[in-house]
Amino acid sequence: MTDLSFTEEQRDCLQELINVAMGLASDKLARFLNTFVHLQVPAIGLVNAAEIPEQFRGQYQGLNSSMISLGFFGDGGLRGETILLYQLENAGKIAALLGYDDDATSEAEMLTDISSILTTTFLNGLAEQLDNSFSYAAPRVISSRDNDFISKLEQTAFHWQLALKVDIRYELTDYSFDCNMILLIPGEAVLKLKTILDNVLADF
Amino acid sequence: MNIDWLSGPLLQQLNSGVILLNQQLQIVYINPYICRRADIQLESVQGKDLFSAFPDAPKAWLSRKLNSVLSLQSPAFSSWEQRQYLFKLPHLRPISSANQYMAQNCNMLPLTEPTSGEHFVCLLIEDATDAYVYQSQLQQSNLQLQQVNRLDGLTGVLNRNYWQQQLEVEVQRAGRYQHPLSLLFFDLDKFKRLNDDYGHQAGDIVLIEVAKLIGSLLRETDLFGRYGGEEFAIILPDTPLQGAIEVAKRICRRVAATPIEYQQQQLMTSVSVGVSQFSTATSADELIQQADLALYQAKRNGRNQVVTYYPELIDSLKKVKS
């Protein structure tokens, strides 16, 4: 079996690229939302995709949470799926900022809008760092207000070998918004990513 | 090979809608897919504001989304599952589909003109009417299955299983909000003899007609179910004992006074009714047991009458059994 694990250098490089991508994303979000957005340095973890559901079980158990998926394709065989997890309670605050209180919008629509704004701004930044560009599938609500979301996450994670877990905390001026982003990347794309990271490292 | 010639014919023949807008959300280009369906000429809308060309589009929401695409330079999406359509366009399945407008998936993409660097947003619109139609049909059959699963096949009232689930719900509600709740149990008198004398078909007709008659005497919130054989039960939410007794007496009177026609014969029947009332001490099971005991007493008293549960009934039943 091919070795999918990252060297320490590759891991540091990826963390650095993600940090920069997050910085770009928060800058764009701040301009768009007209508010100060502070992003903590995201904690990343590379884990076996099969372990993901168990890791989130405790954190979201019994809470009204939402899980929204967004698939992406890049050049050079890079592809994956991002899953954004957050508590619905948090969603209301962002929704107000985005102006979602003034017309009849369904909850599902609001959730997909929030998620696609948060994930695509980040992924666009990451693509830029990787000298790549991504195209996106339409976001889908996998689960909402639903206690069974861990089992749905299990079904999704099953298709992927490696998961890049990124814990993100967006802090806006008046409140904080916590969410978890999971980047799921299939095995062959992990190899592509490793090659890309090596190229980035070679340039320094 | 130079393929600059490709984009023109592709946009002409593409089986998806393309709308290109500038940063002021004015129309720069619309492909024939949209023009034909909306019955507009490109020349007549070019330079116009999107919402003056399509006044029915959801302005507040859509302009917010398009502005997010422009300022974040990130794509946005709209799915028919959340918003059936953005633009009122006809679809090509006018006969097989009940909905009037094309269900749409829409991608909103940020584009930059390479020489000037000017930003644009492009709407790609796909027809999702097929998916919409299948989904609606699926939902409808699921709803029908759910209905069938809840109803008694012969009489069309609730089946025992679903009725009993509803009783649990109502008992919990009554307990939580301190609301009154009453229960009626009733049984067709001498139903076995009717079956013996006239046949099971006659018995079925009587069950159907009696259920129909009683159903017409109830409120919409009352829950009427077939408990088994010729035994029926009615949950009366928000109804104190006195009200329940009145309903029971009315049922008794009307059933006894209404002949049921079967093969040119007039069949007469009657019901015996037991009434019980929820108090905080009782559970759903206890409520059923009490109504059942009262029903049994009504039978012993000579049928075609109403008996309300009282605690001594338990003792009298013991005497009968011993």
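A. Summary view of a negative patch on the surface. Residue and element names in this part refer to chain A. A grouping of Glu8, Glu9, Asp12, Glu16 and Asp198 is seen on the molecular surface, where their side chains present a negatively charged patch. Among the elements that make up the negative patch, the one with the highest residue count is helix H1 (residues 8–33) (four residues). The topology assignment puts Glu9 in helix H1. Under the relative-accessibility criterion, Glu9 is labelled exposed at 57%.

B. Region of interest: the sheet that holds strand S7 (residues 223–228) of chain B. Residues and elements named next belong to chain B. A sheet is described by the order of its strands in space; here five strands give the open sequence S7-S8-S6-S11-S12, paired in mixed fashion. One side of each edge strand has no neighbouring strand; the edge strands of this open sheet are S7 and strand S12 (306–308). Between one strand axis and the next, the sheet turns by 20° as a mean value, whatever way the strands run. The pairing of strand S6 (residues 181–188) with strand S8 (residues 231–237) spans seven bridges and is classified as antiparallel. Within S8, the residue paired with Asp187 across the bridge is Glu231. Of the strands in this sheet, S6, S7 and S8 touch helix H7 (residues 160–177), which is tilted by about 130° from S7.

C. Layout of the packing of aromatic side chains. Applying the stated criterion across every chain yields a total of 10 aromatic pairs over all chains. Their ring planes at 35° and their centres at 4.8 Å tell us that Phe72 of chain A and Phe134 of chain A sit as a pair that is tilted. On the criterion of sequence distance, the pair formed by Phe72 of chain A in strand S3 (residues 65–73) and Phe134 of chain A in the loop between helix H4 (107–129) and strand S5 (135–136) is long-range, its members being 62 residues apart. We classify Phe134 of chain A as buried; its relative accessible area is 10%. Arranged with centres 4.8 Å apart and planes meeting at 55°, the rings of Phe54 of chain B and Phe87 of chain B form a pair that is tilted. Of this pair, Phe54 of chain B sits in the loop between helix H4 (50–53) and helix H5 (59–72) while Phe87 of chain B sits in the loop between strand S3 (76–78) and strand S4 (104–112), and the two are 33 residues apart along the sequence. Overall, Phe54 of chain B belongs to the buried group, its relative accessible area being 8%. Phe87 of chain B gets classed as buried once you look at its relative accessible area, which sits at 1%. Members of the aromatic cluster, each reached through a chain of ring pairs, are Trp163, Phe185 and Tyr227 of chain B. Over the aromatic face of Tyr33 of chain B sits the side chain of Arg37 of chain B, whose NZ or CZ is 3.7 Å from the ring centroid. Geometry around Tyr227 of chain B places Arg160 of chain B over its ring, the cationic atom sitting 4.0 Å from the centre.

Scoring rules and cut-offs
- Residues numbered from 1 in each chain as written.
- Chains lettered and ligands numbered in written order.
- Predicted model: local features only at pLDDT ≥ 70, side-chain atom pairs only at ≥ 80, totals over all residues.
- Heavy atoms only, no water.
- Patch = residues over 30% accessible without salt bridge, like charges linked within 9 Å, V, L, I, M, F, W, Y side chains within 5 Å.
- Areas by Shrake-Rupley, 256 points an atom, 1.4 Å probe, with all protein chains shown as cover.
- Salt bridge = Lys/Arg side-chain N within 4 Å of Asp/Glu carboxyl O.
- Lys, Arg positive; Asp, Glu negative; His and termini not counted.
- Charge placed at Lys NZ, Arg CZ, Asp CG, Glu CD.
- Helix = DSSP H or I, 4+ residues; strand = E, 2+ residues; numbered from the N terminus.
- Buried < 20%, exposed > 50% of the residue type's maximum accessible area, 1.4 Å probe, protein only.
- Pairing = 2+ DSSP bridges.
- Axes fitted to C-alpha atoms, helices over the stretch in contact; angles between N-to-C directions.
- Contact = heavy atoms within 4.5 Å.
- Phe/Tyr/Trp six-rings, centres within 6.5 Å; stacked < 30°, edge-to-face > 60°.
- Lys NZ or Arg CZ within 6 Å of the ring centre and 35° of its normal.

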